[in-house]
Amino acid sequence: MANKEKDITVHLKLWRQKNRKDKGQFDEHTLSGVSTGSSFLEMLDQLNEQLIIEDKAPFAFDHDCREGICGMCSLMINGQAHGPEKATTTCQLHMRSFEDQDTIVIEPWRSSAFPVLKDCVVDRSAFDKVIQAGGFTSVNVGNAQDANAIPIAKENADLAMDAAACIGCGACVASCPNASAMLFTSAKISQLALLPQGKVEAEKRAAKMVEEMDELGFGNCSNHAECEASCPKEINLSNIARMNREFFKSKTFSRKD
Amino acid sequence: MSFKLDSKIPEGPIQDKWENHKFKCKLVNPSNKRKYTVIVVGTGLAGGSAAASMAELGYNVKSFCIQDTPRRAHSIAAQGGINAAKNYQNDGDSVWRLFYDTVKGGDYRSREANVYRLAQVSNNIIDQCVAQGVPFARDYGGYLDNRSFGGAQVSRTFYAKGQTGQQLLLGAYQSMMKEVAKGKIDLYTRREILDIVVIDGKARGIIVRDLISGDIERHVADAVILASGGYGNVYFLSTNAMASNVGAAWKAYKKGAGFANPCFTQIHPTCIPVHGENQAKLTLMSESLRNDGRVWVPAKADDKRHPNEIPEEERDYYLERIYPSFGNLVPRDVASRNAKTMVDENKGVGDTGVAVYLDFKDAIARDGQPAIEERYGNLFEMYQRITNESPYEQPMRIYPAVHYTMGGLWVDYNLQSTIPGLHVLGEANFSDHGANRLGASALMQGLADGYFVIPYTIGNYFGTNKLEKVDTSHPEFDKAEKAAKAQIDKFLNIKGKRTADDFHKKLGKIMWEHVGMAREEKGLKTAISEIKKLRAEFWTDLKIPGNQDEINRELEKAGRVADFLELGELMARDALTRPESCGGHFRLESQTPENEALRNDEDFAHSAVWEFKGVDDEPARHKEELTFENVPLTQRSYK
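Residues numbered from 1 in each chain as written. Chains lettered and ligands numbered in written order. Predicted model: local features only at pLDDT ≥ 70, side-chain atom pairs only at ≥ 80, totals over all residues.

Topic: the nonpolar core
So the rule is basically this: By convention in this section, buried Ala, Val, Leu, Ile, Met, Phe, Trp, Tyr and Cys residues joined through C-beta atoms within 7 Å make up a nonpolar core. Around each residue's C-beta, the other C-beta atoms within 10 Å are counted; 20 or more make the residue buried, 12 or fewer make it exposed, and counts in between make it partly exposed. All C-beta atoms are placed from the backbone. C-beta atoms are placed from the backbone for every residue, and two residues are taken to be in contact when these atoms lie within 7 Å.
Counting residues in hydrophobic clusters, the biggest one holds 284 residues, and the most contacted among them are Val38, Ile225, Leu226 and Leu409 of chain B. Apart from residues lying up to four places away in sequence, Val38 of chain B is in contact with Met54, Tyr59, Val61, Ala221, Asp222, Ala223, Ile225 and Ile458 of chain B.

Printed below as a string of C-alpha cells:
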C-alpha cells in the first residue's frame, strides 16, 4: 500500500508582482493542513481559497493540464526550476517531497526574454517566435505521400522522439545563468534533422532559428548544463551539439539567400 | 420549431458520398480566398489543423486560444494513439472495418455518413503527420508500428510513445507557426470567448476578453469556427485541463445553435483514483495499458489484504470472465461500468475502496521488465509520481473518471451548426462518436475535421452565400459587448462569501452522483432541482476578488462555472428524456438480463438536439432521426 499520507504545515515565500511594470516583492504565508498526497499546485489552490476568504489577493501562477505535458506550469521552487524532483514538472511535484514546517520560496522564471506579467505568470511567446523562424516542415495538407514510403531507422525515429518530447515550458532558460534557449531550440532542430522529412529545409533551418533566438534576447551556451538537469522531459544536451553541427553546415554550405 | 435540422447527407452509396460531395462543393478561386477572413476558436488538434490548412489555402485566419501559446491545447495530453485503416499489419483492417467498428462502438447513435468519411480520411492523416515530422513509433525495419486498442480486434493504432497527442498537436502547431510567419494567421493567445456575434442570421464575429489586460475586444470575420473542445469539467473532477470549458459552445447555444446529446459523456476506465478533497483534477492512464495489464478485484468482498498477498485463485479477473472474446480490451463504457459494479459490491481496493487493480505481473513474467518498460515506462513513472507506488512491484489502482464528451453542438455533414457560418469541429461537435467513443478515435476526428473536411466545406459556404460587408461597429457587436461587460460587472458586484471553485465542486458532486456512470429518473430529477438551487446561490453568494482590468483567474473561473451551472441542468434533462441505455449513457431502468446496456431503437434511434429558450425556461427537444443502412442495428456484444 501507499505510504500513509499525512497533513503538514508549510511556510511560503511567494513572489508577488502586480504587473509588468511593478518592481515586485516577496510575501509570506503559512499554510496548514496540507496533505502530502496533494500536488504542489493543489497546495497553491488551497492557499488561494484561503486568501480569497481572507479578502487577500490570490497568487497568480500558470498551469493547465496538470499531467506534466502541456508545459504551462513553471515556478522556481527553492531556486530550482519545477522544484526538487528530477524529470518532474511543477504540476507533478507532490507535497510528500517536503517536510513539515519547511519554508518554500516560489519565484517566476527570470529571463529578459520572458517578462513577468503578474506574480509568477510570465510571457513565453518568444518560444513561438523561435519556432516560426523555421521549426517546421513546409508541407501543405494534400501533398503527403504514403506514410510508409520512406522507412526511417528505428534508432533515428526514437532519437527524434526523445528530442520532440520537449514541452516548451522554459525551465531550461530559467535555469541557465545566461538565460539561453539553446536546449529548447536544439530539440526542434535535432528532431527535424534526424528525420528525412526535415532534411529538405535543413540547409537554412538552423541558421534562421539560431539568429531569431539571439535576436529575442536569449543568451549563449557556456556548457553549464543546468538546462539538462532541470528539464522535466530530460532533453539531452547532445541536441545542442547536433544543433551546432547543423548551424555550422547552415552557415558554411548554404547557398546565399 | 425555429431551426431546421437538415443533416445534408449527400446522395449515393456510402463509399461515394464524400467524393461526390467534394465535387459538388462550390469552390472559391485562389485570388478570392484572400478576401475572406475566418475566425478559429481553439488550437487543439481540430482548431490547429483547421487554422493551418485554411491559411495554406489562402484564407486569412484569426486564431484564438486560452493558453499562452497554441501548443498547450489539451489535445496535447492524449496518450495512447490515433487510429487509421492503413492495414499495415495485414490483419484484415479496412476503411469499412474502421467505419463498422466506430458505428458499433458508438452504440448506433452516430451518423453513418460522417463516420464513413472519418474512416476514409484516416489514412491521409497519418501521411500528413509523417510528412510534418511526427516521430511515430517504428519497427526495426523502419516501418510504422501499430498497436491494438480497446474495442478493436485489429492493430490500427499509430502512436508516439505515450505522447501521441503531444506529437500530433506539435505537428499542427508547427504548421500554424509556418503560416503565422507568412502572415496568413493572426495569433491571439490568452483570450477567452465571451460571445458569438450573429448578424442577419449568420455568425460574423466574436467578443473576447484579453486575459492579461482585461480588455474586451471585438473581432469580425466571414465565418466562425469553434474547435473549443469538450465540457467534461462540468463534473469539476475530470481528466480535462483546468481551463477547459464550455464557454464558446454554450454562448453559441444561447445564440441559437442546437446542442446535441449533451448527456453522452465518456467515463474513461483507467484513471488514477481520487485521493482527497483538495484534488483539482484526475489523471488518465492510457487505455493502451489494457493490452498487457489484467484487471481484477479480490473475489470476496471487503478483502483488505495487500494485493501481492492475494493468491491467484482468490482474484476475480472479471473482464476476462464476463467477456471472454474481448477480455481486458472491451470498450471504455463497458470497462467503466463493470468497475463500478465491483466497487458497489464492496470489492473495491485501496484506502478508499473506490478502485480496481490493473496488474502487469503476468506481462512482466512473459515479456520481461525491459519490454514493459519500453512500452509503458513513462506512464508507470507518472503513476509512481502521483501515488508513490511502483506498478512494477504491485498492481496499479485505477478507477473510471470523466474524460470526453461525445455530445456537443449539432452539425450537419458540412460541420455547420444550426447558425449559418458557425462551424464546429472536434470534440466540440457531436457527430462521429455516437454514445461512446472508441480509443484513439478523438485524435483521428479532430485532425479529420481540421485537415480534410473543413477546407472543402468552408469553401462551399462562401461559394453559396452572399455575405454583406460588416465591421465591428455594427450594433450587434455593441449589444454583445455590452452584455459581456454587464456579466463581468455582475460577478464583481455580488460580493458574497463563496469562491467559484466552491460552487464548481458542489456542481461536480451533483453531476457525478446523478448524471454519472449510472442514471435513473429519480436521481436526474433531483439533479435538475439541486442545480437550479445551486445556480441561484451562485448568483447571490459568489465572491470574486480583484478587478476586471488585470489578470484575474477567479473572474475567469466565475464565467466558466456560470456556464457549467446551466449546462449541467441540460445534461440531466437530456439524460432524463432518453430512458434507454446506450454507450456511456446507462439508465438503470433499461438493462438486459445480464446487466448490459439495453437500447431502445424503436423510440430512440435519434440524436436529441436542444434549442435554447431562456436560462430558466425549458429548452425545446428536437430530433435528428438516424438511419442505419450499412451497419445493421444489433445489440452490442463483446462476449
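What about the domain arrangement of chain A?
All names here are of chain A. Selection rule: Domain ranges listed in this record stem from an automatic or a database domain assignment. Lys, Arg, Asp and Glu make up the charged group, whereas Ala, Val, Leu, Ile, Met, Phe, Trp, Tyr, Cys and Pro make up the nonpolar group; the residues left over, Gly among them, are polar.
Along its sequence, chain A is organised into domain 1 (7-117) and domain 2 (124-253). For domain 1 versus domain 2, the separation of C-alpha centres amounts to 29 Å. The partner domain 2 presents 17 residues to the 18 residues of domain 1 that form the contact. Across the side of domain 1 that touches domain 2, the residue classes break down as eight nonpolar, nine polar and one charged.

Overview of the packing of helix H3 (residues 45-57) of chain B against helix H12 (residues 442-464) of chain B
Residue and element names in this part refer to chain B. Quick note on the threshold: Structural elements are reduced to axes, namely lines fitted to C-alpha atoms, with helices fitted over the stretch in contact, and the angle between N-to-C directions of any two is expressed from 0 to 180 degrees. Helix and strand assignments follow DSSP, with helices taken as H or I runs no shorter than four residues and strands as E runs no shorter than two, numbered in order from the N terminus. Here the word oblique covers every angle except those under 35 degrees (roughly parallel), over 145 (roughly antiparallel) and from 65 to 115 (roughly perpendicular). By convention, the crossing between two helices is left-handed when the near helix turns anticlockwise from the far helix through less than a right angle, and right-handed when the turn is clockwise.
Between H3 and H12, whose axes approach to 8 Å, the crossing angle comes to 30°. The angle between H3 and H12 places the two elements in the roughly parallel class. Between H3 and H12 the crossing geometry is right-handed. Where H3 approaches H12, its residues Leu45, Ala46, Gly47, Gly48, Ser49, Ala50, Ser53, Met54 and Leu57 are matched on the opposing element by Leu443, Gly446, Leu447, Asp449, Gly450, Tyr451, Ile454, Pro455 and Ile458.

With respect to the pairing of strand S1 (residues 37-41) of chain B
Residue and element names in this part refer to chain B. In plain terms, the rule: One requirement defines pairing of two strands: DSSP has to find at least two bridges between them. Crossover handedness is defined here as right-handed if the route from the first strand over the helix to the second strand goes clockwise, with the strands pointing away from the viewer.
Of all five residues in S1, four are buried; the element is thus mostly enclosed. Pairing of S1 with strand S2 (residues 60-64) involves five bridges; the strand directions are parallel. Note on S2: the bridge partner recorded for Val41 is Phe64. This β-α-β element, S1 to H3 to S2, shows right-handed connectivity. Where S1 meets strand S9 (residues 223-226), four bridges bridge the pair, whose relative direction is parallel. Counted as the bridge partner of Ile39 is Val224 from S9.

What about the sheet that holds strand S18 (residues 606-611) of chain B?
Residue and element names in this part refer to chain B. Pairing in this open sheet of four strands is antiparallel, and the strands run S16-S10-S18-S19 from one edge to the other. Of all the strands in the sheet, just strand S16 (408-409) and strand S19 (620-625) have a single pairing partner and so form its edges. Examined bridge by bridge, strand S10 (residues 259-260) and S18 share two bridges and lie antiparallel to one another. Note on S18: the bridge partner recorded for Phe259 is Trp610.

Remarks on H12 of chain B
Residues and elements named next belong to chain B. Note the cut-off: In this scheme, a helix's expected span is set at 1.5 Å multiplied by one less than its residue total. To get the bend at any residue, fit one axis to the seven residues that end at it and another to the seven that begin at it, then take the angle between the two axes.
Across its 23 residues, H12 extends 30 Å between first and last C-alpha, which sits within 8% of the 33 Å expected from 1.5 Å per residue. By the largest-angle criterion, Val453 marks the main kink of H12, which is about 55°, and a proline, Pro455, follows within four residues. Taken across its 23 residues, H12 has 19 buried, putting it largely inside the fold.

Details of unusual backbone geometry
All names here are of chain B. With a phi close to 45°, Arg190 is a non-glycine residue in the positive phi region. Tracing the chain through its elements places Arg190 in the loop between strand S5 (185-188) and strand S6 (191-199). The phi dihedral of Asn261 falls on the positive side, at around 45°, and the residue is not glycine. Structurally, Asn261 can be placed in the loop between S10 and strand S11 (265-271).

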